[in-house]
Amino acid sequence: MNELLKFDEKLFKNQKRKAQEFEEIAIEIRRDIIKMLFQAKSGHSGGPLGIADIFAVLFFGAYMNYKAEEPSWKERDRFILSSGHYCPVLYSALARAGFYPVEEMATLRKFGSRLQGHPGRDMGLPGIEASTGSLGQGISIAVGMAISDKYLDKNEQKVFCLTGDGELQEGSCWEAAMAASNYKLDNLCWIVDNNDCQIDGRVQDVMNIYPLDEKFKSFGFNVIVCDGHNFEDIISAFEQFSNNSKKKIGKPCVIIAETKMGRAVSFMEDKHQWHGNPPNEEQALIALKELK
Amino acid sequence: MNQYTLLGKKPTRFGFGEALVELGEWSENVVVLGGDITGSVLTSFFKEKFPDRFFSIGIAEQNATTIAAGLALSGKIPFFSSYSAFAAFRCADQLRLSVCYNEANVKIGGGHSGITVGPDGATHQSLEELSFLRSLPNLTLLVPCDYLEAKKATIAIGKSFGPAYIRFGRSPVPMFTKEETEFEIGRANVLRKGSDVAIIACGIMVWEALQAAEELQEKHGISAMVINNHTIKPIDVKTIVDAALECKTIVTAEEHQIYGGMGSAVAEVIAKNYPVPIEFVGMKDSFGGSGEPEELMEKFGLTRREIVLSALEAVKRKKKNTHSYKNVVDVAV
Ligand SMILES: [Mg+2]
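What this report covers is the structure whose coordinates are included nearby. Residue positions are given per chain, counted from 1 along the sequence in the order it is written. The lettering of chains begins at A and the numbering of ligands begins at 1, in the order of writing. Residue-level local features of this predicted model are given only where pLDDT is at least 70; pairs of side-chain atoms are given and counted only at 80 or more, and the full residue set underlies all totals for whole chains, interfaces and linings. With hydrogens and water stripped out, all remaining heavy atoms of the structure feed into the side-chain values.

### Focus on helix α9 (residues 205–220) of chain B
At step 1: Every buried residue belonging to α9 of chain B is among M205, V206, W207, E208, A209, L210, Q211, A212, A213, E214 and L216 of chain B, and all of these are buried.
At step 2: Secondary structure elements are taken from DSSP: a helix is a run of H or I of four residues or more, a strand is a run of E of two residues or more, and numbering for both begins at the N terminus. Where α9 of chain B terminates, the next one or two residues include G221 of chain B, which has phi positive at roughly 65°. Exposure is judged per residue with a 1.4 Å probe applied to protein chains only, and the accessible area is read against the type maximum: over 50% gives exposed, under 20% gives buried, and values in between give partly exposed.

What follows is the structure, encoded as structure tokens:
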């Protein structure tokens, strides 16, 4: 196999960083995604590449409290991947944070792997908080966790959850939104990957969900719209959530991240055809050349 | 002689509701989610006693089921209850993935189950859910036979780890088990010894089976064993096979479709281990309708009469050992 397609050993710390420092991390995550999907020969490229910048800040900018060496640390914040098919980006972030060995990324979707095609808790990959993949459920799991933290354990811990935009067509997402607001879950940060793409095409053509900001506002959310590829903007979004959560504003937070599916790989960017396909070797090598 | 006599009538949902309060006292981790109909499924008892551990989710069963998974993944022991018509089928996906695949310690109370819902009619008479639920990996599935057993079963699932579903009903039904009657998840109870035919029943059909056994003895000189098969999953293979070995023929009886229910589970065990003739009593591939519980049980063939006739047929088949081409839902009437 081409040397370029091997995983390098770099790990990143979860610490306060300047905006430009996230660039390197996001590139590393995108490179992992390309390598993993090439090796798996199936899986989703577009969404994970598009949300990599958000993951770089969330996992490595000290906005989420965790201990990679102690995944079930009682005081941790939790992350739920409601859009389970985005798992390559989560697997990369977990590996780069030191939850499990980076070389294991090569086993994505393979028989017996802890890196299942959609996150499966049963395989015991450290950092996987819930099995997800049937859209519209992870966000309700996150609401349950946030209720537990706020009302039962009465701690200051936070719950983060990513859904897609097409995923918002699932009615249960709005049941979750209703409950999050009803229970004033200011410890919940819901990230929507608003790339306006889903398998069949543009979200608005498949089933219009917009305007999203107004919908969430009317549901009682503190709505933050950010450019999901601008680190200053992403940092500011997570800062706002952290501050509001500390202040206990009594409202859940949604960060609507404006992103491009397949971001930073020229032939994939903003192309819904790359929702559910992996690159072949030639495409992978071109992508890796671009990701530097 | 029957050692079980009628002690009165009470809905099984009271056993569920009262048990939740006991569980609430037992552990602070026990929490309950409401789906608006708390006064019907009697999660209201818990709500009154432990308001800080009760969360109203509204008429949103899928959300409640999945929020329960989130609570369970946070170390809590969440119970959610709605009518089985919704708690099972509307939430099929959520139960499969968020609860069972996650192996989340979620407990579902499926209320208003079966034909005895009565006047509410077919829309609310859940008669199919066991078929789907018993195919879910990791799920414990219980159908208690009376008020007291519903209480014991609810406490048992609350105190053991893992996803569980308990099915109970709306209307008052015979009470006959006692404090000292054994209850253990996965252990079917032989309520009456017998040697000619084994009647394996669950839910309200257990009382009917006991009455049928009396009639079989008195009118036909047939000795019927009666088994309360309250745990549909994990099913008690030993007790079922031993009953087949002893009686050489079986009748199953349940307030549920014949297709895919408890009887089907028994048939799988028997086919695998020691094939003997089986007759099935249950809903014969149809929806229910409005009426009083007794009228409906009569109309849809869920009484001791069908059990007796099926037992006679079962005994006949054991002796003749011939074949037929009857439909599975072709019940002797
Ligand atoms: Mg999308």
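More follows now that the structure is in view.
### Topic: the sheet that holds strand β1 (residues 78–81) of chain A
Residue and element names in this part refer to chain A.
At step 1: The five strands are arranged β1-β2-β3-β5-β4 in an open sheet whose pairing can be described as parallel. Both edges of this open sheet fall to β1 and β4 (222–227), since each of them pairs with a single strand only. Shown here is a sheet whose adjacent strand axes are inclined to one another by a mean of 20°, direction ignored.
At step 2: Here the rule is simple: two strands pair whenever DSSP picks up at least two bridges between them. With six bridges connecting them, strand β2 (residues 159–164) and strand β3 (residues 188–194) associate as parallel partners. When the bridges of β3 are listed, L162 appears paired with I191.
At step 3: Strands in contact with helix α8 (residues 231–247) are β2, β3, β4 and β5 (253–258); relative to β4, the strand with the most contacts, it is inclined by about 160°. Each axis is a line fitted through C-alpha atoms, and for a helix only the stretch in contact is used; angles between axes span 0 to 180 degrees, taken between their N-to-C directions. By the convention used here, residues are in contact when the closest approach between their heavy atoms is within 4.5 Å.

### Describing unusual backbone geometry
At step 1: Between Y210 of chain A and P211 of chain A the backbone carries a cis peptide bond, its omega angle lying at 0°.
At step 2: Topologically, P211 of chain A is positioned in the loop between α6 (203–207) and α7 (212–218).
At step 3: Looking along the chain, the bond that leaves K233 of chain B and enters P234 of chain B is cis, with omega of 0°.
At step 4: One can find P234 of chain B in the loop between β12 (231–233) and α10 (237–247).
At step 5: Even without being a glycine, K41 of chain A presents a positive backbone phi close to 65°.
At step 6: With respect to the element layout, K41 of chain A can be found in the loop between α1 (21–40) and α2 (46–60).
At step 7: Given a relative accessible area of 66%, K41 of chain A falls into the exposed group.
At step 8: A positive phi angle is found at K184 of chain A, which is not glycine, with a value near 50°.

### Comments concerning the pattern of salt bridges
At step 1: The term salt bridge refers to a side-chain nitrogen of Lys or Arg lying within 4 Å of a carboxyl oxygen of Asp or Glu. Under the definition given, this model contains 38 salt bridges over all chains.
At step 2: Here E28 of chain A makes a salt bridge to K10 of chain A, at a shortest N to O gap of 3.3 Å. With E28 of chain A in helix α1 and K10 of chain A in the segment before α1, this residue pair connects regions lying 18 residues apart in the sequence.
At step 3: Residues R187 of chain B and E184 of chain B are paired through a salt bridge, measuring 3.3 Å at the closest nitrogen-oxygen approach.
At step 4: The structure contains a network of salt bridges with shared partners spanning D8, K10, E24, E28, D32 and R96 of chain A.

### Considering the coordination of the magnesium ion
Residues and elements named next belong to chain A.
At step 1: Donor atoms are limited to N, O and S found within 2.8 Å of the metal ion, a distance that becomes 3.2 Å for Na, K and Ca. With water left out, some sites might look partial. For the magnesium ion, every protein donor is listed as D165 (OD), N195 (OD1) and C197 (O), and the spread of their distances is 2.1 to 2.3 Å.
At step 2: Within one chain, the residues donating to the magnesium ion are spaced in sequence as D-x29-N-x1-C. Of the two residues examined, N195 and C197, each falls in the buried class.

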